[in-house]
Every structure is written in C-alpha cells, then in structure tokens.
Amino acid sequence: MRIALCSTIVPFIGGGGRAFVEWLDEVLRAEGHDVEIVYLPQTGAHQTIVQQMEAFRWINLDSADRIICIRPQAHLIPHRNKVLWFIHHLRQFYDLWDTPYRGMPDDEEHRALREYIFATDDAGLREAKSVFTNSRVVSDRLLQFNGVFGETLFPPVHQPERFYCSSYGDEVLYIARVEHHKRQHLLVEAMQYTKSPVRLRLVGLSSDPGYAASLSQQIAAAGLADRVGFENRWVSEDEKADLLADCLAAAYLPLDEDSYGYPTLEAAHARKPTLTTSDSGGVLEFVTDGVNGRVTAPDPAALGAALDDLFQDRVHTKEMGGAAESRITELGVSWSHVLERLLA
Amino acid sequence: MNVVIIDSMSPFCWGAAEEFARALTQEVRNAGHAAELIRVPFKLEPHARIPSQMLLARTMELYGTDCVIGLSFPGYLVRHAETTIWATRTPPTGEMSGVADAIHAAHAEAIGEAPRVFAGAPDLRLRLQATCGVDVPLLPPPVVAPERFAGGPSGDYVYVGGRINVAHRQHLLIEALRGTPPDLRMVIAGAPDDPSDALRLREAVAKHGLEDRVHLHLRRVSATEHAAFVNASRFVASIPEEGHCFASLTSEAATAGKPVLTTTDSDVGMGIVSDESGWISAPDSESLSHTLTIASREPEIDAMGAVARARWLSFGTIWPDTVRALLP
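Numbering of residues begins from 1 in every chain and follows the order in which that chain's sequence is written. As a convention, the first chain written is A and the first ligand written is 1, with the rest following in written order. Thresholds applied to this predicted model are a pLDDT of at least 70 for local features of residues and 80 or more for the giving and counting of side-chain atom pairs; totals over whole chains, interfaces and linings are not thresholded and use all residues. Processing note: side-chain calculations cover all non-hydrogen atoms of the structure and skip hydrogens and water entirely.

1. Focus: the confidence of the model for chain B
Okay, so step 1: Per-residue confidence from the predictor is reported as pLDDT, which spans 0 to 100. Looking at chain B as a whole, the pLDDT averages 94, with 100% of positions reaching at least 70.
Okay, so step 2: Here the complex is predicted with pTM 0.89, and the ipTM for its interfaces comes to 0.90.

2. Here's the deal with the interface of chain A and chain B
Okay, so step 1: Every contact between the two is made by 28 residues of chain A and, on the other side, 31 residues of chain B.
Okay, so step 2: By buried area we mean the combined loss of accessible area, with a 1.4 Å probe, across both parts when two parts are placed together. The contact between chain A and chain B buries some 2400 Å² in all, and 63% of this surface belongs to carbon and sulfur atoms.
Okay, so step 3: Salt bridge, as applied in this entry: a Lys or Arg side-chain nitrogen positioned within 4 Å of an Asp or Glu carboxyl oxygen. Put simply, chain A and chain B have two salt bridges between them.
Okay, so step 4: Side-chain atoms alone can form a polar contact between residues adjacent in sequence; in general such a contact is a pair of N or O atoms within 3.5 Å, and within protein one must be able to donate a hydrogen while the other accepts it. Remark: the boundary between chain A and chain B carries seven residue pairs in polar contact (both at pLDDT 80 or more).
Okay, so step 5: For the purposes of this entry, the term helix denotes a DSSP run of H or I that reaches at least four residues, the term strand denotes a run of E that reaches at least two, and both are numbered from the N terminus. Listed by contribution, the elements that provide at least two residues to the side of chain A that touches chain B are β1 (2-9), β2 (34-41) and α2 (49-56) of chain A.
Okay, so step 6: In terms of residue count, the dominant contributor to the side of chain A that touches chain B is β2(A) (eight residues).
Okay, so step 7: Three classes are used: nonpolar for Ala, Val, Leu, Ile, Met, Phe, Trp, Tyr, Cys and Pro, charged for Asp, Glu, Lys and Arg, and polar for all others, with Gly counted as polar. Split into classes, the residues belonging to the side of chain A that touches chain B amount to 17 nonpolar, six polar and five charged. Between two residues, a contact is recorded if the distance between any of their heavy atoms is within 4.5 Å.

3. A word on the sheet that holds strand β1 (residues 2-9) of chain B
All names here are of chain B.
Okay, so step 1: Any two strands are treated as partners once DSSP identifies two or more bridges connecting them. A sheet is described by the order of its strands in space; here five strands give the open sequence β2-β1-β3-β4-β5, paired in parallel fashion. Strand pairing shows two members of the sheet lacking a second neighbour, β2 (34-41) and β5 (116-119), which therefore form its edges. Across the sheet, the mean angle from the axis of one strand to that of its neighbour is 15°, orientation sign disregarded.
Okay, so step 2: Note that β1 and strand β3 (residues 67-72) share four bridges and pair parallel. When the bridges of β3 are listed, Ile5 appears paired with Ile69. Only the stretch in contact is used when fitting a helix axis, every axis being a line fitted to C-alpha atoms; angles between N-to-C directions are given from 0 to 180 degrees.

Right under this line is the structure:
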C-alpha cells in the first residue's frame, strides 16, 4: 500500500514527535509498504492559525492509498482514506481556555477564533475513516470537545529490545527535554529533602538556555553538586538504553502531559519504576503508586520522601520495575498492534 | 544560521531532483549551518487546483529560520525576509490557459520580494524572462559527487537515466531504437512513478521485439549504479517534455565526458549540448531514430564528450561557491 505519513514540525526542533513518525515509517516499510513522510511546518501562534489551518485543506495526496495523520494540523488534510493518530489539540483553545494558560484574552475576537478552530477541527476529524489517540486523556478531550470517539493506541518505543536491566544503582535518572513544564527544577528541590544518599541525574537538551542556566544555579546554590548531575545535551537512543540499565529508577514529572511519555515507557522496558506526580496527566495511565512506580503530590517534600523510599527499599523498587515491564503488555503497547489497527 | 530548503514533492516519486535537494541540504550543513529540507506535496493536475497549492506555499510559517532556499514551484513562493529563489524547475504554463496568468503573477511578485533570485538553467532563465519580464542571473546546480563521474571508454549503449513516467518519454526512445543499427543497446534505469509507467516500457520493448537490446532497471537505482551506467555508456539521452525534468543528467554526462542527445522541445541542454557536444533532435520517433543512428556511428564521439566536459567545467560550478551565493 502507498501510505503518506503526515505530520507537522517546527524546523530545527527535534524530539519525540518526529522520532515517533520515523519509527512508524520504519515498521511500515519493513511490512512492505511504500511510505512517504510528509512533514509540513506549523506553529501554535494564534495570530496566523487560520491561514495555517486553511492551508492544510489544500494539500493533495490523492496518489496515496491511505494517509495517516499525526500532529496537528495534519488531521485537516483531506483524503478518501484518512486515519488519524491524534496526539493533541491546540490546548489553549480547548481544555486550557478557562485557565491561566490560555495565553490570550477571552474577548469577542478570540472567542470567534475558538469557534472557527472547533468547527475546522470537527470537520477534519469527522472525515477520518478511523481516529486513534496516544492516550486516554486525549481520547477524553476528543469526546468532550469534538464529540468524536478516539480509540487509544499507545505509541511504542523504537526497537524496545535495545533496553535491558543490569543493576539497580544509586541514581534516579530523568532523561527528557529540559523544559520548565517538564519540571526538572521540582526534582532538584526535592533532593534537598532527602535523607538517604540517593543521587539524581538530569540528562537532556534544553531549548531554553535560561531554564538550563537556572537549573545549574539551583543545584549549586543548594550545595547539591556532589549528588545531582545535570548534562544539557542530546542523548542517543543507544546511550539511553545504557543509562537506564544501571539506574535505580526513572523520574518523569511533566505538568499535565498528553500521554505517558517515552521516558516512562523506556524505563519500563529496562525494568525500572518511574517516579511521577499526581498532576502529570497521561503518565498516570501507566504508573500506579506503589505498584509499578511512585506517584506523589507535586510537592518537593513528598518527592524527597519517595526518592528515599526508592533508595532504601530496593526489594520493592525491583518489584515495581518488574511490574512496570508487565504494564507494557497489559496496555497492548507494541508495533504489531499499532500496524494491525492503523492498517485495518 | 538556520537554513530551510524548500522543494516540491511528487509523493512516492524519487529521482535526480530529490537527490539534489538532499545533497544541497548536506552541503549547507557542511558549510557550518543548520539545514532542514521541507518537501511540499504538489500536483500539476488538475490545473484548477494549482492556485490553492500556491497559497499553501505563500502562507507557510517558518519559525526560527534565518534563510529559505526555494528550489521549485510552488515552494519557492514562500514569504520570508531572507528568501533565495533558485529556480531549478518551473512549471510549463503553455497549455494552462486560465491558471498561467496567476502563475506568472505569483512568480513576478515572489521574485520582486526575494533578496536573491537565480535560474538553474539557461532555458529557465529565458522562460522567466518571457513570462514574468524578469532577467535573473544563472546559477547552474553543481553535480552531486562529481568524483563518481570519472568517465571511461566509449561503450555500446545509450544510457537513459531518471524518473520513469510519460513526461520523460523513455517509451519514445524505445520506439526510436527500432530503426537503428542492431549493435546499439539501450539501458534505462530509474524508479517508475506508477506501476503503469513500468508496464508502458515493458510493453514497448515486447511490441518492438527489443528484449535483447533494451535493458530495463525499473527501480530506484543507487547513486553509484547510476554513475557506473553513465561512465560506461557511449552517450546519454535525455528528452523530457519542457518543465518536467531536473537537468542533472546532462551535467553528469558532461562531467564524465559523454555527449548528450536531447530534443528541440526539452529544456535540459544546460547550455552544454550543441552540434559539437551532442545532438538535438526533433521530438518524433523517426527523427530520434535517425539521430540515434548517427550517434552510434560517430567516429569522433570521444572528442564530442570532451567538448561537453570542457563546456561544463567552464561554468566553474562548485558546491562551496554555490552555497555562498545562495545565502545572505
């Protein structure tokens, strides 16, 4: 089958969204399909959102037998055989509208813009033969705001057989983009409340030099330089596997994430539990407190206590790591399942 | 600086233009910049949908980009303070009636806004002059990995490389081969745009009983294979309809010291092909048959190839200079 994988990008910004498309491309080609990746630029700037959304309606991919659309506004591309793997809305117009994160005034002009976005999204979504999402959180939002049912199809990692478990060391590992909403700073603050010799290692690339600098300053000011490591750099997939193999546990505590996040899944493949918080959104679809990871209030003292527990009760930490690996199977996270559903 | 290269995409098709866009992206990185290639889906048919595709390009938002290099229509219509239009392919507007004026107007507007504009071939330069009233400098695309096209002894086949589709007219060359000396072979190599394009050529070979003279490699060939085919050929043939081809095969053949056969209605001569360095035939089967015969019997074929090579080298086209010209 000729399949166009359609998604949007911000030029020069890499990350999980692109990796995901490229992994799907690889597995589809391995199945013998002829695949074309269609990447088009898109920004969330609301000042130009109308022209951006309209432009996607003009794309002609008739030569494809099927299109699979991932990141918005790709879901607006018209096609007779369109499948959506919908990963997020323009949230400032949806669930974040009545919150401080709207980022624009609640006035007549922006309410009209919101109506336009709802109508355009509704039309694009309803054209699809099938709609999948990457998490129950996103499925719930689709139903609530667009009246569309989206089947949850959890995204697997690339070549999960790469991950392995060697030992449970002294270090909790946080591998993710270093951004304010990923809240590495909260975990650094939590380290001040720990009583055990547990260590923390933050690894990932930051697009915000200011935030990265503030993290370094926070570590130094708290006198934690000998227990908290911070490496502001890109991590290869192979290196991730090696780092996870020897860590005590992983940490991933983004604010209200749309899905469980690759860091959670990668840790589970390495039989390591994940420490997260009660407001991390989709991460909680994977992690259950005390079963396959730790879930605390988003409070540094609570996080500090959980870090100590992971260090001091290693038997339980190992058990939770095993349960995290089992959770992958429970949720049906696999490329074979993805192909079965996307190509049905 | 952050540089975006924009090219048009014919979904599921791959040929010299696509290889070139990828090579240019790498050369911009080699020059020390961050570079990203964006390929925008574009279909020429139906003509009525061309304006909306132009608008798509015109409204594209390129956040965090310092410079945009647009290689083809409609992608090079994108609006950016630092746009370089490097027209390596433009659409043939001769038979587009209602839409042609819109295309010409869009070209004129975009060219008027862009700080740097180049034509990738003499024919493209003339076409922009005639349709938009603008005269832009010539910047021929360098050959990708020219060291691969080292040339070699004159072989016994004409090489026809490139995307396999109706517009490239490989089927016409097969038909023309019928009336040529039996010792002239033909090698056709490239990815078919559609299974029907492959079938067309196979049927033409069978219909004319040329199975022992025409060798079809109807798949995406590697750059190494392609160069080997050029180097071992007697000469190269490229006869696409105007506006449907990226003319790299001409410059590659010239680099290898091989003369080129083209037609009066193609635009791939690159200022290289003339009576001293190749052949320009009328685009019908009988004329092509006659020209193929002359080419197969040409005693001075090596000298013709040398003229083609000297002519190409006289352009002084190398990657570092080209990248410098494209960037602010």
